Amino acid sequence: MAITIDTRVHVAGDMMVVTGTYGAGDASIDLSAHLSTVFFAGCNGTTDLAGYDVADSAGHTVTLKAQAQIEIDGTTLRFKTLGNGDAAGSVGKFFAIGQR
């Protein structure tokens, strides 16, 4: 695993913002050591996942490249593709906002 959580978290009252990075072999991030509830999470991938070929209105084939999406499961962030499959191979940065 290549998950790193930034050492400087941002706190406002009982709310906390946790940021970090994830690597190609990471399928989920457990934030239970930092947050009791996750309200929102997002990620910015730096690598494209497998593409999807679709036809445009003129009949040309266009390949759409997808980035990982995050599913919140309690205090765990799970990386998924648009088709809800495993997002293995994705690399990037994440952030989560929640309650301490």
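Shown above is the structure to which this text applies.
Remember, predicted model here, so these are calculated numbers, not experimental data.

### Some thoughts on the sheet that holds strand β8 (residues 69-73)
Either a parallel or an antiparallel arrangement is found when strands of a sheet pair, and the pairing is made through backbone hydrogen bonds.
Here is step 1 of the chain: An order of β4-β9-β8 is seen for the 3 strands of this open sheet, with the pairing classed as antiparallel. In this open sheet, the two edge strands, each paired with only one partner strand, are β4 (28-30) and β8. Averaged over all adjacent pairs, the angle separating strand axes in this sheet is 20°, with direction ignored.
Here is step 2 of the chain: For β4 and strand β9 (residues 76-80), the ladder comprises 3 bridges, and the chain directions are antiparallel. Along β9, the bridge assignment pairs serine 28 with arginine 78.

### Let's talk about the pairing of strand β10 (residues 92-99)
Here is step 1 of the chain: Alignment of strand β3 (residues 15-22) against β10, held across 8 bridges, turns out to be antiparallel. Residue pairing in the sheet places threonine 21 in a bridge with lysine 93 of β10.
Here is step 2 of the chain: Pairing of strand β5 (residues 37-45) with β10, which is carried by 8 bridges, proceeds in the antiparallel orientation. When the sheet's bridge partners are listed, alanine 41 is paired in β10 with alanine 96.

### Re a nonpolar patch on the surface
Here is step 1 of the chain: Together, Phe39, Phe40 and Phe95 give the surface a local cluster of nonpolar side chains, amounting to about 290 Å² of exposed area.
Here is step 2 of the chain: Looking at the secondary structure, you find phenylalanine 39 in strand β5.
Here is step 3 of the chain: Accessibility expressed as a relative area gives 46% for phenylalanine 39, which makes it partly exposed.

### Here's the deal with the pattern of salt bridges
Any two side chains of opposite charge can pair, given that their charged atoms come close.
Here is step 1 of the chain: Counted under the stated rule, the structure contains 1 salt bridge.
Here is step 2 of the chain: When the shortest N-O distance is used, the salt bridge between arginine 78 and aspartate 73 registers 3.0 Å.
Here is step 3 of the chain: Take aspartate 73: its relative accessible area is 38%, and that puts it in the partly exposed class.

### A short note on the packing of aromatic side chains
Here is step 1 of the chain: Counted according to the given criterion, the structure contains 2 aromatic pairs.
Here is step 2 of the chain: When the ring of phenylalanine 40 is compared with that of phenylalanine 95, the centres are 5.7 Å apart and the planes differ by 45°; the resulting orientation is tilted. Taken together, the residues phenylalanine 40 in strand β5 and phenylalanine 95 in strand β10 connect sequence positions 55 residues apart.
Here is step 3 of the chain: Classification of phenylalanine 95 as partly exposed rests on a relative accessible area of 30%.

Quick notes on the rules
Residues numbered from 1 in each chain as written. Predicted model: local features only at pLDDT ≥ 70, side-chain atom pairs only at ≥ 80, totals over all residues. Heavy atoms only, no water. Pairing = 2+ DSSP bridges. Helix = DSSP H or I, 4+ residues; strand = E, 2+ residues; numbered from the N terminus. Axes fitted to C-alpha atoms, helices over the stretch in contact; angles between N-to-C directions. Patch = residues over 30% accessible without salt bridge, like charges linked within 9 Å, V, L, I, M, F, W, Y side chains within 5 Å. Areas by Shrake-Rupley, 256 points an atom, 1.4 Å probe, with all protein chains shown as cover. Salt bridge = Lys/Arg side-chain N within 4 Å of Asp/Glu carboxyl O. Buried < 20%, exposed > 50% of the residue type's maximum accessible area, 1.4 Å probe, protein only. Phe/Tyr/Trp six-rings, centres within 6.5 Å; stacked < 30°, edge-to-face > 60°.

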